[in-house]
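Here are the chains, one letter per residue:
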Amino acid sequence: MEIKYLGTAAAEGWPGLFCSCDHCRRARLAGGASIRTRSQAIVDESLLIDFPPDTYLHVLQQGLDLTRVTHCLITHDHSDHLYAGDFAMRSGAFAHRQTQEELTVFATLPACEKIWPVLSKHNDSEGPTVCCQIRPFEPFAAGRYQVVPLKADHAQESEPVIYLISREGRTLLYGNDTGWFPQETWQYLKEEGHLLNLVSLDCTALQLDWRRGHMGLAACAEVRQKLIEMRLADDQTHFVINHFSHNGGLIHDELVPVAAELGFSVAYDGLTVPV
Ligand SMILES: [Zn+2]
Ligand SMILES: [Zn+2]
Ligand SMILES: [Zn+2]
């Protein structure tokens, strides 16, 4: 497998949509990897994770080919992860598609409740977009992938999940948005005993020591250590931090050496990592 990061910012983007703080100013000046759009990733160019308002930008700038996407996992219904209205653009005169493959979207109930009304108004009878409700700790197949949604520590009314994604004996954990994992999630990971080949963690707060709702560098380092101690990760496991807010202070080039000290790579828009 491989994962490509399409968007790596928290909700406001970096630079923030309405922000003129020093960290956003420095990101604008630095450009390149310091410019971050809202969260989205894709596995093997076919399994999409999240559907933010910047999806269209990713189509334009990151070579995202949505005509190849057959399955989409939604982590939760926050606006930086789900812009449900754009699912309409896959139907009728909005899209002339070469194949009649379905697009299956998996989401917990609050996100389903935003997607279903769009699909009931705008959908095709052939190759429709289908939205399936999922629940934490109930595994499902998404095409060639085995997927397990795990509970996240984040706005609970959103019923947020993070995802274990496996294919052909390789497993990745896509872990945002979340604070320190809930006990049930640690328990599931322990009982399943998956060796994780790639772990992607929420590091929204960077230098700020956040542990609930989102994490910073210190909490991410502790999650990494705990996974190693539980033998769920080893020295071959690739750890990546992702989903950054300007409030955390470090633009990309400042962050890379700090993260490397802690054993992490830093996601940026366009980064591809083998799993
Ligand atoms: Zn987010
Ligand atoms: Zn800012
Ligand atoms: Zn969120």
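A brief look at the structure comes next. (Residues numbered from 1 in each chain as written. Chains lettered and ligands numbered in written order. Predicted model: local features only at pLDDT ≥ 70, side-chain atom pairs only at ≥ 80, totals over all residues.)

### Thoughts on the overall build of the protein
Check the secondary structure of the protein and you find six helices and 14 strands. Against the compact-globule benchmark of 19 Å for 275 residues, the protein has a radius of gyration of 18 Å, which places it among compact chains. Expressed as lengths along the three principal axes of its C-alpha atoms, the size of the protein is roughly 50 × 45 × 35 Å. Excluding contacts between residues fewer than 6 apart, the proportion of contacts in the protein whose partners are at least 24 apart in sequence is 71%. (Helix = DSSP H or I, 4+ residues; strand = E, 2+ residues; numbered from the N terminus. Rg over C-alpha atoms; globule rule 2.2 N^0.38 Å. Contact = placed C-beta atoms within 7 Å.)

### Examining helix α6 (residues 252-261)
Note that an α-helix has 3.6 residues per turn; residues three or four places apart therefore point the same way. By the burial criterion, the buried members of α6 are H252, L255 and A259. Taken around the axis of α6, the buried residues stretch over an arc of 60°, which confines them to a single face. Those residues of α6 that are exposed and angled more than 90 degrees off the buried face are P257, A260 and E261. If you follow the buried residues of α6, they end up packed against β12 (238-242) and β13 (265-266). G263 sits one or two residues past α6 and shows a positive phi near 90°. (Buried ≥ 20, exposed ≤ 12 C-beta atoms within 10 Å, placed from the backbone. Arc of directions from axis to C-beta.)

### What about the environment of H76?
Note on placement: H76 falls in the loop between β4 (71-73) and β5 (103-107). Assessed through the 25 C-beta atoms surrounding it within 10 Å, H76 is described here as buried. Distance in space between the C-alpha atoms of H76 and F51 is 10.0 Å, their sequence separation being 25 residues. Not counting chain neighbours up to four residues away, the residues in contact with H76 comprise H81, T108, A111, H154, S158, E159, P160, V161 and D177.

### Regarding the pairing of strand β9 (residues 161-167)
Of all seven residues that make up β9, six are buried, and the element is covered over most of its length. Pairing between strand β8 (residues 145-151) and β9: six bridges, direction antiparallel. Pairing of V147 across the sheet is with I165, part of β9. Where β9 lies against strand β10 (residues 170-175), five bridges are found, and the strand directions are antiparallel. By the bridge assignment for β10, R167 is matched with R170. (Pairing = 2+ DSSP bridges.)

### A look at the nonpolar core
Membership of the largest hydrophobic core comes to 76 residues, with the highest contact counts inside it found for I74, A107, I115, Y163, C220 and I241. Ranked by the residues each element gives to this core, the list is headed by helix α5 (residues 217-229), at six residues. If near-sequence neighbours (up to four positions away) are discounted, I241 is found in contact with L201, C203, C220, A259, F264, V266 and A267. (Core = buried A, V, L, I, M, F, W, Y, C linked by C-beta atoms within 7 Å.)

### Some details on the sheet that holds β12
Reading across the sheet, the seven strands line up as β7-β8-β9-β10-β11-β12-β13 and stay open at both edges, with mixed pairing between neighbours. Each end of this open sheet is capped by a strand with a single partner; those strands are β7 (140-142) and β13. Here strand β11 (residues 198-202) pairs with β12 via five bridges, running parallel. The partner of L198 across the bridge, within β12, is H238.

### Considering the sheet that holds β5
Pairing in this open sheet of seven strands is mixed, and the strands run β6-β5-β4-β3-β2-β1-β14 from one edge to the other. Taken across any chain shown, the strands that pair with only one partner, and hence form the sheet edges, are β6 (129-133) and β14 (272-274). Pairs of neighbouring strands in the sheet enclose a mean axial angle of 20°, with direction left out of account. In the sheet, β4 pairs with β5 via three bridges, with the strands oriented parallel. Bridged to C72 within β5 is V105. Sheet strands touched by helix α3 (residues 109-121): β5 and β6. Its angle to β6, the strand with the most contacts, is close to 155°. (Axes fitted to C-alpha atoms, helices over the stretch in contact; angles between N-to-C directions.)

### Concerning α3
Taking 1.5 Å of rise per residue, 13 residues should cover 18 Å, and α3 covers 19 Å from first to last C-alpha, within 8% of that figure. For α3, the principal kink sits at I115 and spans about 25°; a proline, P117, occurs within the next four residues. Of the positions making up α3, those classed as buried are A111, C112, I115 and L119. Buried residues in α3 make contact with β5 and β6. (Expected span 1.5 Å × (residues − 1). Bend = angle between axes of the 7 residues up to and from the residue.)

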